[in-house]
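The primary structure of each chain is shown beneath.
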Amino acid sequence: MAVVGEAAGLAGLHVRPALRDRLDLPRRVVFLAAASMVAIVFVLLGFIAWQGVQLFVQNGYPIGSVISTTWSPQDAPISFGVLPFVAGTIGVTGVAVLISAPLSIGLALFLSEVAPRWARAVVQPALEIFVGIPSVVWGWLGLTILVPFLRTNLNGLGFTLGFSWFAGSLVLSIMILPTITTITYDAFRAVPQDLRTGSLALGTTRWQTIRHILLPAARAGTLTAIVLGLTRAAGEALAVQMVIGNRPTMPTSLTQPMTTLTSQITLDMGNTVFGAPDNNVLWTMGLILLAISMIAVLLIRKLNRSGGRR
Amino acid sequence: MNTGDEMTTTTRAQDPIEASIDPSPATLPPRIVPVGPGRTADDARTGSPDVAGVAAMPKVAAEAVSITYGTKLAVRDVSLEVPERSILALIGPSGSGKSTFLRCFNRMNDLIPGARVTGQVRLDGIGLMDPDVSVVELRRRVGMVFQRPNPFPMSIYDNVAYGPRRRGASDRAQLDELVERSLTRAALWTEVKDDLRRKSGLALSGGQQQRLCIARVLATEPEVILMDEPASALDPISTLRVEELMRELRELYTIIIVTHNMQQAARVSDRTAFFNMGEDRAGYLVELDDTRTLFTNPKNQLTEDYVSGRFG
Ligand SMILES: Nc1ncnc2c1ncn2[C@@H]1O[C@H](COP(=O)(O)OP(=O)(O)OP(=O)(O)O)[C@@H](O)[C@H]1O
Ligand SMILES: [Mg+2]
């Protein structure tokens with residue numbers, strides 16, 4: 001305080017107001033909002049982490065017991081192997097992205113590089129509406145149209161197909177298509193026009209310019225789009241659950257029913273008692289899902305930083 | 001690798017009917033050196049008719065070129081010729097259509113939605129407006145340097161090797177040689193030779209970037225180079241280096257340069273064309289002459305006013 005007084009006395013410029021004065025009312029409101037936001041996130045994270053380990057702490061199961069492919073929460077011998085769900089989530093999401101990413105990137109390329117203005121004006125709002133369709137609607141469409149369609153039309157191919165890994169991935173791929181498309185599109189638009197003209201003026205074709213200038217320059221944005229699509233797909237419960245068949249075994253074939261972390265959690269959470277092992281294992285599964293999406297977020301941040309530096 | 005959607009073949013015929021019956025599709029033929037009997041290289045340079053009274057074939061020529069953007073006429077009825085291995089400067093007030101006109105020599109106006117070019121543009125006598133001309137091949141032979149340096153976000157080496165690689169050059173030794181030769185010719189080699197592959201083209205200074213862009217064009221081994229205010233974003237020293245470079249390049253290439261800097265036009269060019277805007281705001285060619293004559297003894301009052309700084 002002595003320093004402050006001295007400075008004020010000297011020039012009247014280097015006045016350092018008290019903290020209370022610096023935080024005037026609007027600032028205080030914003031600060032409080034931000035602080036409570038952060039607090040809520042951390043409390044939630046803490047709660048899920050705490051609940052996620054209760055199976056081991058409260059119910060005394062060894063950590064290794066969940067690393068098993070056998071899921072038998074009711075019938076002896078009781079086993080809480082979560083690997084079928086983890087594998088199912090990775091499998092259904094992975095295939096969904098494999099289907100969706102090429103389509104989305106192609107669509108984004110078309111919109112950004114080829115499409116006339118009117119086509120852009122039609123497709124963009126359509127994509128936004130797409131994003132707004134609730135997942136239960138997608139699930140319902142999958143259940144009433146896709147699954148019967150697969151069953152009646154593809155059974156001649158030598159396998160049965162209905163509620164299946166493939167059906168789940170297909171529904172998911174449609175759901176994440178607008179996400180990947182719009183973010184990739186933005187990444188393409190952010191590439192300076194100068195680079196395209198510079199490349200074309202050297203006597204390269206439009207395709208060569210896309211391949212050698214545009215795609216590398218938009219690489220970080222495209223990867224971000226794919227990772228966001230992955231997290232969106234991994235977190236989706238309802239639509240997947242409605243078409244996937246929910247069989248808690250390790251996924252072996254695209255044509256067979258399987259299950260995921262999210263669909264098992266939503267299926268079982270109403271039928272278990274809070275604190276019981278078969279309830280706590282659901283929290284453990286939730287914690288795993290959270291870990292997966294946190295890794296994705298870190299990945300995106302890293303991608304964006306490396307993209308910005310170039 | 002010339003298999004893009006823009007790749008078509010070209011015939012020599014200008015008449016559409018002749019073109020349609022010509023059975024032999026060919027790409028643009030190799031450059032024709034128009035040095036006939038009784039002609040010297042200097043004749044070719046100034047474009048003066050030789051003793052026999054036969055005019056040299058110009059390297060590039062515009063014939064009654066008009067260019068519109070949508071309904072707006074930007075360039076009206078310009079005809080001019082550029083002899084091989086000479087520098088033509090385009091000067092004129094802002095908006096007089098110099099950039100627009102320049103872009104018709106490598107058909108870059110094709111990329112601008114709504115732009116329409118009428119008339120004919122010729123390279124070695126071949127009509128470039130013909131629908132069967134390969135713009136990809138054309139742009140390799142007619143390179144372009146832009147106002148703002150636009151190096152690609154890749155290493156210096158990859159920037160220079162970009163054009164050749166896209167048409168299939170992959171021999172390491174040949175590419176190395178081509179990159180060195182292009183950078184040397186662009187007066188950049190000694191400054192960058194130590195971190196060719198490590199340093200990004202974006203990490204260079206503005207003047208170096210522009211010389212990199214020139215090297216990038218040289219690597220595609222063009223015959224004509226178009227430059228749209230190549231030094232306007234550069235400091236005076238870099239500008240001098242680029243001007244020096246242009247005078248050296250004149251020994252090998254035909255150059256058309258747009259510039260706002262009249263000293264620059266006077267310093268580097270052999271001939272100068274003065275563009276102006278008409279009442280209807282469409283650009284047109286007022287006068288074209290040897291640079292010295294145009295600056296010291298112009299025929300047109302508008303030119304005189306412009307070069308003496310009375311307007312523009
Ligand atoms: N992409 C475009 N779309 C529509 N109009 C354009 C476009 N580019 C240029 N024009 C118009 O054409 C006219 C000529 O423009 P241009 O850029 O060729 O002039 P310029 O002589 O190069 O001018 P400057 O010296 O300022 O570069 C101007 O009226 C301009 O508004
Ligand atoms: Mg211009």
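Look a little higher up for the structure.
Residues numbered from 1 in each chain as written. Chains lettered and ligands numbered in written order. Predicted model: local features only at pLDDT ≥ 70, side-chain atom pairs only at ≥ 80, totals over all residues. Heavy atoms only, no water.

(A) The arrangement of the layout of surface pockets in detail. In this structure, the largest pocket encloses a volume near 990 Å³. Taken together, 30 residues form the lining of the largest pocket, with A:Q193, A:T197, B:L111, B:I112 and B:P113 sitting closest to its centre. Tallied by class, residues from the lining of the largest pocket come to 11 nonpolar, six polar and 13 charged. (1 Å grid on protein atoms, 1.4 Å probe; cavity = no way out; pocket = protein on both sides within 12 Å on 5 of 7 lines; lining within 4 Å. Points joined across faces, edges and corners; volume = space filled by probe spheres on them. Nonpolar A, V, L, I, M, F, W, Y, C, P; charged D, E, K, R; others polar.)

(B) Expanded view of the interface of chain B and chain A. Opposite the 24 residues of chain B that make contact, chain A presents 16 residues. Counting the surface lost from both chain B and chain A, the interface buries some 1,900 Å², and carbon and sulfur atoms represent 63% of this. In terms of surface lost to chain A, no three residues of chain B exceed B:F152, B:Y162 and B:R166, which account for 26% of the buried area on that side. Inspection of the region where chain B meets chain A yields one salt bridge. Across the pair B:R148 and A:D194 runs a salt bridge whose closest N-O atoms are separated by 2.7 Å. Counting the contacts that link chain B with chain A gives seven residue pairs in polar contact (both at pLDDT 80 or more). If you list the elements that add at least two residues to the side of chain B that touches chain A, you get α4 (135–141), β6 (142–145), α5 (156–166) and α8 (206–218) of chain B. At three residues, α4(B) tops the list of elements feeding residues into the side of chain B that touches chain A. (Contact = heavy atoms within 4.5 Å. Buried area = accessible area lost by both parts, 1.4 Å probe. Salt bridge = Lys/Arg side-chain N within 4 Å of Asp/Glu carboxyl O. Polar contact = N/O pair within 3.5 Å; in protein donor to acceptor, adjacent residues only side chain to side chain. Helix = DSSP H or I, 4+ residues; strand = E, 2+ residues; numbered from the N terminus.)

(C) Inspection of the packing of aromatic side chains at higher detail. Applying the stated criterion across every chain yields a total of nine aromatic pairs over all chains. Measuring from centroid to centroid gives 5.2 Å for A:Y61 and A:F80, while their planes differ by 70°, and the two rings are edge-to-face. Here A:Y61 is found in the loop between α4 (54–57) and β1 (71–72), whereas its partner A:F80 is found in strand β2 (residues 79–80), with 19 residues between them in sequence. Taking the relative accessible area as the measure of exposure, A:F80 reaches 3% and is therefore buried. Aromatic side chains B:F101 and B:F105 sit 5.2 Å apart centroid to centroid with 80° between the ring planes, which places their arrangement in the edge-to-face category. A single burial state applies to B:F101 and to B:F105, both of which are buried. Within the aromatic cluster, the residues linked to one another by ring pairs are A:Y61, A:W71, A:F80 and A:F85. Above the plane of the ring of B:Y162 lies B:R166, whose end atom (NZ or CZ) is 4.8 Å from the centre. A cation sits over an aromatic face here: B:R216 above B:F152, 4.1 Å from the ring centre. (Phe/Tyr/Trp six-rings, centres within 6.5 Å; stacked < 30°, edge-to-face > 60°. Buried < 20%, exposed > 50% of the residue type's maximum accessible area, 1.4 Å probe, protein only. Lys NZ or Arg CZ within 6 Å of the ring centre and 35° of its normal.)

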